Amino acid sequence: MSHIFTYMSLLLGAAMIVAGLMSVWAKRSLPIVILSSGLVSLLASIQFLLLAAPDVAMTEAAIGSGLTTFLFFFVLNRVRRGTHHG
Amino acid sequence: MVSRFFVFLLIAGVGAIFAALLAGYVPDHELNLTARYYAENTVRDTGAANIVAAIVVTYRGLDTLGEVTVLFLTAAIVGLVLAGSQHQGTHRREVPVSGELLVTGARLLVPLILLLGVYVFVNGHLTPGGGFQGGAILASAILLLLLADPVREFSHRLISAIESTSGLIFVGIGGLGILYAGGFLDNRILPLGTLGELFSAGAIPVIYSFIGLKVGAEFSSMLVDLSETEEP
């Protein structure tokens, strides 16, 4: 049980690091940046769930991965429209 | 290029720190002193099945009041900063129409998301979740509405009325705790009821519901302020 926990935590941590690096290095497209920074929060909420903290996991999933990601998309949409119109 | 290298170093360093923490992590075989107090006394003291909710609303209720105040200040400052650039309501903005998929999906999903948010904060004392999570889910429904129809006008007066009424009721229930029970935000002003039922745990579900409404209204007012800002 504890071995599975350790391996899953390591896997999640490695995936979070990769997603974090992607959100910094993917300069080509901003949607990929936003999605991968949302992915960091989503993976973190899975890790909170593994650590038996469902309340924190729900907050992280609702705010970090849900609300923030879509707020960034919303603002990105507004900014793009602004540059196109002048 | 140098800054990217430093970002890589920073992320790798944080990863190494957490890997070291994980390598040294040994789960406790028994609860420590504070945790044991909460595990043994929460049901007797508050009647809440979710110990986290009991701690957040009752034992550490003052901290929750502080958190809600911080969120309120944030929403107020966002509104203040963006107030100068808001468009006057008379002229409609020219915006491209949202896609059919988004509009239809929003029509289907918004009531369901609102229902989930209300479920999460009404059942906060029984299941994981509570006011903050439920409020954020409510606000994400508002965000979906805004994405589907960017020119939709939301009533600022309604949002601020919900926000301030919930805040006043939250503090008012806390004050009633001083008069009728052991202290500020004591939940025993209402009967504790049977463990695990919806109407149990005294004032916790009532307080959590109003926290949920307040948090949802605060997030929504931030989103609506952002959406109504004109491009400079």
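This one's a predicted model, so the numbers in the text were calculated from it and none came from an experiment.

Conventions and cut-offs
- Residues numbered from 1 in each chain as written.
- Chains lettered and ligands numbered in written order.
- Predicted model: local features only at pLDDT ≥ 70, side-chain atom pairs only at ≥ 80, totals over all residues.
- Heavy atoms only, no water.
- Contact = heavy atoms within 4.5 Å.
- Buried area = accessible area lost by both parts, 1.4 Å probe.
- Salt bridge = Lys/Arg side-chain N within 4 Å of Asp/Glu carboxyl O.
- Polar contact = N/O pair within 3.5 Å; in protein donor to acceptor, adjacent residues only side chain to side chain.
- Helix = DSSP H or I, 4+ residues; strand = E, 2+ residues; numbered from the N terminus.
- Expected span 1.5 Å × (residues − 1).
- Bend = angle between axes of the 7 residues up to and from the residue.
- Buried < 20%, exposed > 50% of the residue type's maximum accessible area, 1.4 Å probe, protein only.
- Arc of directions from axis to C-beta.
- Phe/Tyr/Trp six-rings, centres within 6.5 Å; stacked < 30°, edge-to-face > 60°.

Draft legend 1. Region of interest: the interface of chain B and chain A. Listed as interface residues are 31 residues of chain B and, on the opposing side, 23 residues of chain A. Summed over both partners, the interface of chain B with chain A buries about 2500 Å², with 76% contributed by carbon and sulfur atoms. In this structure, the connection of chain B to chain A is made through 0 salt bridges. Linking chain B to chain A there are 3 residue pairs in polar contact (both at pLDDT 80 or more).

Draft legend 2. Region of the structure containing helix H2 (residues 33-46) of chain B. All names here are of chain B. Over its 14 residues, H2 extends 19 Å from the first C-alpha to the last, a length consistent with the 20 Å expected when each residue adds 1.5 Å. The axis of H2 is deflected most strongly, by about 40°, at Glu-40. If you check which residues of H2 are buried, you get Tyr-38, Asn-41, Thr-42, Asp-45 and Thr-46. Just downstream of H2, Gly-47 is the residue with a positive phi angle, here 75°.

Draft legend 3. Layout of helix H3 (residues 51-59) of chain B. Residues and elements named next belong to chain B. Listed in full, the buried residues belonging to H3 are Ala-53, Ala-54, Val-57 and Thr-58. Around the axis of H3, the buried residues are gathered within 100° of arc, so they sit on the same side. Contacts from the buried residues of H3 go to H2, helix H4 (61-82) and helix H8 (204-227). At the N-terminal end of H3, a side-chain oxygen is found 3.2 Å from the backbone nitrogen of Val-52, two or three residues along, and the residue is Asn-50.

Draft legend 4. Expanded view of the packing of aromatic side chains. Applying the stated criterion to the full structure yields 6 aromatic pairs over all chains. Note on Trp-25 of chain A and Phe-8 of chain B: the rings are 5.9 Å apart at their centroids and 15° apart in plane angle, and the pair reads as stacked. With Trp-25 of chain A in helix H1 (residues 2-25) and Phe-8 of chain B in helix H1 (residues 2-23), the pair connects residues from two separate chains. On the basis of relative accessibility, which here comes to 37%, the residue Trp-25 of chain A falls in the partly exposed class. Looking at Phe-8 of chain B, the relative accessible area reads 34%, which means it is partly exposed.

Draft legend 5. Local environment of the pattern of salt bridges. Residues and elements named next belong to chain B. By the definition in use, this model includes 2 salt bridges over all chains. Residue Lys-214 pairs with Glu-163 through a salt bridge whose shortest N-O separation is 2.6 Å. Residue Lys-214 is found in helix H8, and its partner Glu-163 is found in helix H7 (residues 156-180); the two are separated by 51 residues along the sequence. A salt bridge links Glu-218 to Lys-214; the shortest N-O distance between them is 3.3 Å. Placement of both Glu-218 and Lys-214 in helix H8 is noted, with a separation of 4 residues, approximately one turn of the helix. Both residues of the pair, Glu-218 and Lys-214, count as buried. Here the salt bridges share partners, and the residues they tie into one network are Glu-163, Lys-214 and Glu-218.

Just distances and angles here, no functional claims.
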